[in-house]
Structure formats: C-alpha cells, structure tokens
Amino acid sequence: MTRAPGRPAVFLDRDGTINDDVGYLTDLASLEIYPYAPDAIRLLRRAGFAIIVVTNQGGIARGLMTEAFVQDTHRRMAARLERAGAVIDDWFYCPHHPESVVPGLATPCVCRKPGIAMPLEAAARHGLDLERSWVIGDHWRDVQMGHAAGMRAVLLRTGHGLDQEAARASEQRVEAICDNLMAATAFVLEESRRVFGA
Ligand SMILES: [Mg+2]
Ligand SMILES: [Zn+2]
C-alpha cells in the first residue's frame, strides 16, 4: 500500500520565537511580534511548509489567564501576521502545568512540550510529513519535542535561548543554533534543499 506523501511543516514555538517573551503574557498590550517574524513565516510558507504554532501555556493551569484569553491572543496574532502577509495554518497550546491550581489541568499530560501530542495531532489533522518537518524554538524542550516526533530542530537565541544555550546538557544535540527566527528560516530553507532536494 502506498501512502501519499504529506506536506512538510515548520512547528514554531510562540513566546521568544514569534513574539518577545515577557514572562506570562497576560495583557495584549505587551504583545510584541518580532519585526522579522512575518517575513520569516511568509518565506517558509512560500517554500511549501505548513506553519503550525505549538505553545505551552501553563499560565492557564496556574490561574494567571483563561483559555479564552489565550485563544483571543492567537486570533489577534493571526490577524496581525496576516496583515503582514504571513499565514499560520494552525495553533495548538497546552494549558497544563505542574503547579496547577485549576482542577483537571495538572500535569502529567501528553501535550506539554517536550511531549509530542501537539505535533502528532497537527500531523493527523493537516496530513503532515514529520520526517521532513522542523521545529524552531527558544527552549531545549522545543528541540526535544521535535526530535521525539522525528523532526529536525533549531534552537534560537531570542527569548530564553541564550540561557538555554549556556545550560546545554552534554548529550543535547540540535541541528543548529541561530540568532533569531529569520536566521533559522534561512538555515531551514537551505538545509531542506540540501537534504531533501526540495
Ligand atoms: Mg518559547
Ligand atoms: Zn498539556
């Protein structure tokens, strides 16, 4: 039986990757999308990648924000990005946290990164080929999620990335460490051409 090849995707972390990491984002006034983010997303999508945001939003479990606020944030981010020509194909968030104060939202869960439930669900919903896909984020847990799901990964130096880079475990591997999402985009496009001839 042959299986139709799926579309490759780039899974983007949210805070510290697309927008400035301000700690728990609880006020839309402090939402700052990095100036290069729309162009980076547009370039990746033009190259044929689906763009999927995967974000841990444990502030929901900690009672710092509601699920409706997170959904509203994503609607507004999507609108701002689309005005700049950048389309996000889908958004996934994990509402759970180890220090949950909200019933039903304690960890362990399958979705909190480095868990792989979010990319697996996205792959099923959008017909994605994870073997040709990437994750880009500012935490090792983003990289670990990517590798556990059979993807390649880039760690960024924006957000918490510099601290993460400094705290690298000796066994931690990653395809590249890049200064920001635009640099990572250049690497992903180049490396995908080299590896997959895309
Ligand atoms: Mg992040
Ligand atoms: Zn979760």
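Calculation notes
Residues numbered from 1 in each chain as written. Chains lettered and ligands numbered in written order. Predicted model: local features only at pLDDT ≥ 70, side-chain atom pairs only at ≥ 80, totals over all residues. Heavy atoms only, no water. Donors = N, O, S within 2.8 Å, 3.2 Å for Na, K, Ca; no water. Tetrahedral: all angles 85-135°; square planar, octahedral: opposite > 155°, others 65-115°. Buried < 20%, exposed > 50% of the residue type's maximum accessible area, 1.4 Å probe, protein only. Helix = DSSP H or I, 4+ residues; strand = E, 2+ residues; numbered from the N terminus. Arc of directions from axis to C-beta. Contact = heavy atoms within 4.5 Å.

Quick look at the coordination of the zinc ion (ligand 2)
Argument step 1. Those protein atoms acting as donors to the zinc ion (ligand 2) are C94 (SG), H96 (ND1), C109 (SG) and C111 (SG), and they sit at 2.0 to 2.3 Å.
Argument step 2. Coordination geometry of the zinc ion (ligand 2): the 4 donor atoms subtend angles of 101 to 116° at the metal centre, consistent with an arrangement described as tetrahedral.
Argument step 3. Donor residues for the zinc ion (ligand 2), ordered by position in the chain, follow C-x1-H-x12-C-x1-C. Across the pair, H96 and C94 agree in class, each one buried.

Quick word on helix α1 (residues 37-46)
Argument step 1. Residues A37, P38, A40, I41 and L44 constitute the buried set of α1. For α1, the arc enclosing every buried residue in end-on projection is 165°, short of the 170-degree limit, so these residues lie on one face.
Argument step 2. Against the buried residues of α1 lie β1 (9-12), β2 (50-56), α2 (67-83) and α6 (181-196).
Argument step 3. G48 sits one or two positions beyond α1 and adopts a positive phi of about 105°.

Things to note about the coordination of the magnesium ion (ligand 1)
Argument step 1. Distances from the magnesium ion (ligand 1) to its protein donors, D13 (OD), D15 (O) and D138 (OD), fall at 2.1 Å.
Argument step 2. Taking relative accessible area as the criterion, D15 reaches 13% and is therefore assigned buried.
Argument step 3. When its relative accessible area of 0% is taken as the criterion, D138 is described as buried.

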